[in-house]
Amino acid sequence: MTHPYEDTPPQGFWRSGVVETDRQTWPEIYTPAFRIAPDTAVATAGSCFAQHIGRALRQSGMTVLDAEPKPAGMSDALAKRFGYGLYSARYGNIYTARQLRELLEDALELHVDARHFLQRDGAWFDALRPGVEPEGCATREEAIELRREHLVQVAALTQVTDVFVFTLGLTEGWIDRETGRVLAVAPGVIAGDYDPDRYVFHNFTYDEILADLTKVLRLLRRMNASVRLLLTVSPVPLTGTASGAHVLAATTYSKSVLRAAAGALADQHKSVDYFPSYEIVTTWAAPEAAFAANLRAVRPEMVDRVMEIFLTAHEVEHGAEKAAPHEAVPGEDNHHLASELPPCQEALFEALRR
């Protein structure tokens, strides 16, 4: 060997790997660390882009779990409004690694803190998933009970999941000083009132996110020793930032740190994989526009392309006929393929735009 690049494959060089390659299919961009077959039980969670992943997997006949399906007789439109079918449980958008870590900790202990419930117009909302009950609950006790039931289903879900897919979305979050917990959104956006003495903005660092993801893996493995974790990073930019930086710079920081942490975890653990959906969508080498006119929403054609690359790598036919419903939790007739993609909870932030 005359130099260390002599045996580098074509995808390792910019000219052959990007300029001269097929930028529609991006051959060799992703080699799965483990295989996901049609009968692999998959659970999804994360920020908005994770909804696209779940939908594409279902449409291709993959077994996507749903621990909290819509009630019998509820219309699809109403189900979407109340957060059914977004992910594999009714947790709404999970934007940060810390949120997922704390959710799994709660599920393991069935822990509910009454301080995490906020009011709006006399109704009560779960501050850790405020969007799933858009009209709120009549009493705090009712909201607490719904939270407890949700945690039971999350715990059951993790025990039967083969692959847990988590899409990282943000580094920014709001911490309740009183409890130390990260909230889904800042109080006042959906429910409650913003108190700067109680709630503090926090921009998670690489070290914090990697530590949280490591704990997430440990918690998942504690509940299910054979579970594997598949990480992606949402390409959707921030709607707004509380960091004081320009939103473009804040987005670049957020996505860069998330990408680095996800890659580090995958490098450290054979049971963790990283799929480069973020890179495929955001690269300036893309042959056509990836985003809609608002420069945030990923165009459906791009979503399809990303998922085709993923499914091809796993040797699954894209868009195959749906698989039969899958009952996931033993003794519970409440697991099946989730319904169609509903509007993203991030749309709630559009009221804040300038």
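Everything below is about the structure shown above.
Computed from a predicted model, the values in this text were never measured in an experiment. (Residues numbered from 1 in each chain as written. Predicted model: local features only at pLDDT ≥ 70, side-chain atom pairs only at ≥ 80, totals over all residues. Heavy atoms only, no water.)

Q: Got a minute to help me understand the sheet that holds strand 5 (residues 163-168) in this structure?
A: Sheet strands line up and pair through hydrogen bonds in the backbone, either parallel or antiparallel. Spatially, the five strands line up as an open sheet ordered 2-1-5-9-10, and their pairing is parallel. The open sheet has two edge strands, strand 2 (63-64) and strand 10 (272-274), and neither has a second partner. Pairing of strand 9 (residues 228-233) with strand 10, which is carried by three bridges, proceeds in the parallel orientation. Residue pairing in the sheet places Leu229 in a bridge with Val272 of strand 10. (Pairing = 2+ DSSP bridges. Helix = DSSP H or I, 4+ residues; strand = E, 2+ residues; numbered from the N terminus.)

Q: Could you clarify how one ought to interpret the pairing of strand 3 (residues 117-120) in this entry?
A: A regular strand places its side chains so that they alternate between the two faces of the sheet. Of the strand pairs in this sheet, strand 3 and strand 4 (residues 123-126) are connected by four bridges, and their pairing is antiparallel. In the strand pairing of strand 4, Gln119 is matched with Trp124. Counted along the chain from strand 3 to the antiparallel partner strand 4, the turn is two residues long, and its residue Asp121 has a positive phi close to 50°.

Q: What am I meant to see in the nonpolar core here?
A: A general feature of soluble globular proteins is that nonpolar side chains tend to end up buried together. Ranked by size, the top nonpolar core spans 54 residues in total, and within it Tyr91, Phe164, Phe166, Leu213, Leu229 and Leu231 carry the most contacts. Among the elements of the structure, strand 1 (41-46), helix 4 (97-109), helix 5 (140-160), strand 5, helix 6 (206-223), strand 9, helix 7 (247-268) and strand 10 are those that each provide at least two residues to this core. No other element matches the eight residues that helix 6 contributes to this core. Not counting residues up to four positions away in its chain, the partners in contact with Phe166 are Ala45, Gly46, Ile94, Thr96, Ala97, Leu100, Leu213, Leu229, Leu230, Leu231 and Thr232. Val18, Leu230, Met307 and Val316 belong to the second largest nonpolar core, which has 31 residues in total. (Core = buried A, V, L, I, M, F, W, Y, C linked by side-chain atoms within 4.5 Å. Buried < 20%, exposed > 50% of the residue type's maximum accessible area, 1.4 Å probe, protein only. Contact = heavy atoms within 4.5 Å.)

Q: Where do I start with helix 9 (residues 300-313) in this structure?
A: Between its terminal C-alpha atoms helix 9 stretches 20 Å, which fits the 20 Å expected from 14 residues at 1.5 Å a residue. Within helix 9 the residues assigned to the buried category are Met302, Val303, Arg305, Val306, Met307, Ile309, Phe310 and Leu311. Residues of helix 9 that are buried make contact with helix 2 (49-59), strand 9 and helix 8 (277-282). Following helix 9 by one or two positions, Glu315 adopts a phi angle in the positive range, close to 60°. (Expected span 1.5 Å × (residues − 1).)

Q: What is the right way to look at a nonpolar patch on the surface in this model?
A: On the surface, Trp14, Val19 and Trp284 cluster together into a nonpolar patch covering about 430 Å² of accessible area. With respect to the helices, strands and loops of the structure, Val19 is situated in helix 1 (residues 14-19). (Patch = residues over 30% accessible without salt bridge, like charges linked within 9 Å, V, L, I, M, F, W, Y side chains within 5 Å. Areas by Shrake-Rupley, 256 points an atom, 1.4 Å probe, with all protein chains shown as cover. Salt bridge = Lys/Arg side-chain N within 4 Å of Asp/Glu carboxyl O.)

Q: Is there a simple way to think about the packing of aromatic side chains in this case?
A: For any pair of aromatic rings, the description rests on two quantities: the centre-to-centre distance and the angle between the ring planes. This structure, assessed with the given rule, holds seven aromatic pairs. With 4.8 Å between their ring centres and 70° between their planes, Tyr30 and Phe275 make a pair best called edge-to-face. Of this pair, Tyr30 sits in the loop between helix 1 and strand 1 while Phe275 sits in the loop between strand 10 and helix 8, placing them 245 residues apart in sequence. The exposure class of Phe275 is buried, given its relative accessible area of 2%. (Phe/Tyr/Trp six-rings, centres within 6.5 Å; stacked < 30°, edge-to-face > 60°.)

Q: Explain the packing of helix 4 against helix 6 to me, please; I cannot follow it from the model alone.
A: Geometrically, a packed helix pair is captured by the angle between its two axes and the distance between the axes. In contact at an axis separation of 8 Å, helix 4 and helix 6 are set at 30° when each is read in the N-to-C sense. Viewed along their axes, helix 4 and helix 6 adopt a mutual orientation that is roughly parallel. Regarding helix 4 and helix 6, the two cross each other, and that crossing is left-handed. The residues of helix 6 that touch helix 4, namely those facing Ala97, Arg98, Leu100, Arg101, Leu104, Glu105, Leu108 and Glu109, are Glu208, Ile209, Asp212, Leu213, Lys215, Val216, Leu219, Leu220, Arg222 and Met223. Classifying every residue of the contact of helix 4 with helix 6 gives 10 nonpolar, no polar and eight charged. (Axes fitted to C-alpha atoms, helices over the stretch in contact; angles between N-to-C directions. Parallel < 35°, antiparallel > 145°, perpendicular 65-115°, else oblique. Left-handed = near helix turned anticlockwise from the far one by under 90°. Nonpolar A, V, L, I, M, F, W, Y, C, P; charged D, E, K, R; others polar.)

Remember that the coordinates give geometry; whether it matters functionally is a separate question.
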